[in-house]
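Take a look at the letters that make up each chain.
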Amino acid sequence: MEQLPTASAPSRSTAVQRALSDIETAKAGAEPAVADFLDHVAQLIVQHGDPDAVLARVIDALAFEDLKAAAVAHGLTLHTTRADEQSVRLLVIWTHDGGMVLIPQGLPPRTALHQLRAALAERAEEERLARDFQDSVAHGHAEDFATWYARVTKAAR
């Protein structure tokens with residue numbers, strides 16, 4: 001791999017030099033694709049001069065890719081709300097064959113990803129409880145949902 005472009009465009013910023021040094025260290029023994037990715041990140045750092053801002057943008061881009069992948073894996077489509085409909089939380093609307101995720105415009109991708117993962121975990125728990133209730137009914141337990149739910153949540157404690 002080639003060295004980073006620090007020799008042709010040296011920066012006086014110690015933060016930039018430290019970030020480039022850390023990237024060079026991380027590239028040692030890395031797979032070629034990873035080293036190439038790190039080279040691109042290093043070039044962005046040199047161009048912009050602010051490692052923290054560049055790394056935040058890279059992390060947000062990766063989080064958005066994770067967000068899209070999680071949505072696809074669960075049959076969800078992503079939609080961004082208009083600026084006049086702002087919220088601090090995303091909204092998942094579930095349907096029988098997936099659903100859609102409404103992401104407030106301006107919500108950071110990392111935050112949206114965290115909220116989507118929480119919504120998916122909550123949905124999985126609801127599905128588990130629904131299966132458990134159906135199994136209870138199938139085995140002849142005659143109780144309404146409220147009584148069953150109280151029994152199950154009390155037993156979980």
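The coordinates are above.
In this text, all values refer to a predicted model and were calculated from it rather than measured experimentally.

What about the overall build of the protein chain?
Helix and strand counts for the protein chain come out as five helices and three strands. Overall, the protein chain shows an N-to-C arrangement of helices and strands of α-α-α-β-β-β-α-α. Within the protein chain, the proportion of its 157 residues that are buried is 26%. On the protein chain, roughly 10,600 Å² of surface is accessible, and the fraction owed to carbon and sulfur atoms is 57%.

Describing the sheet that holds strand 1 (residues 76–80)
The sheet built from three strands is open, its strands ordered 1-3-2 with mixed pairing. Each edge of the sheet is formed by a strand with only one pairing partner; in this case those strands are strand 1 and strand 2 (91–95). Strand-to-strand twist of the sheet, defined as the mean angle between neighbouring strand axes without regard to direction, takes the value 20°. Both strand 2 and strand 3 (residues 98–103) contribute to a ladder of five bridges, which runs antiparallel. What sits directly across from V92, in strand 3, is V101. This element, helix 3 (residues 51–73), spans strand 1 and strand 3 of the sheet and lies at about 135° to strand 1. In the packing of helix 4 (residues 109–138) onto the sheet, the strands contacted are strand 1, strand 2 and strand 3, and the crossing angle to strand 2 comes to about 35°.

Some thoughts on helix 4
With 30 residues, helix 4 should reach 44 Å at 1.5 Å per residue; the first-to-last C-alpha distance of 43 Å fits that figure. By the burial criterion, the buried members of helix 4 are P109, A112, L113, Q115, L116, A119, L120, L129, F133 and S136. One or two positions beyond helix 4, positive phi appears at G140, with a value near 90°.

Focus on a nonpolar patch on the surface
A cluster of nonpolar side chains, contributed by L91, I93 and M100, occupies part of the molecular surface with about 220 Å² of accessible area. Within the element layout of this structure, I93 appears in strand 2. Accessibility expressed as a relative area gives 33% for I93, which makes it partly exposed.

Conventions adopted
Residues numbered from 1 in each chain as written. Predicted model: local features only at pLDDT ≥ 70, side-chain atom pairs only at ≥ 80, totals over all residues. Heavy atoms only, no water. Helix = DSSP H or I, 4+ residues; strand = E, 2+ residues; numbered from the N terminus. Buried < 20%, exposed > 50% of the residue type's maximum accessible area, 1.4 Å probe, protein only. Areas by Shrake-Rupley, 256 points an atom, 1.4 Å probe, with all protein chains shown as cover. Pairing = 2+ DSSP bridges. Axes fitted to C-alpha atoms, helices over the stretch in contact; angles between N-to-C directions. Contact = heavy atoms within 4.5 Å. Expected span 1.5 Å × (residues − 1). Patch = residues over 30% accessible without salt bridge, like charges linked within 9 Å, V, L, I, M, F, W, Y side chains within 5 Å. Salt bridge = Lys/Arg side-chain N within 4 Å of Asp/Glu carboxyl O.

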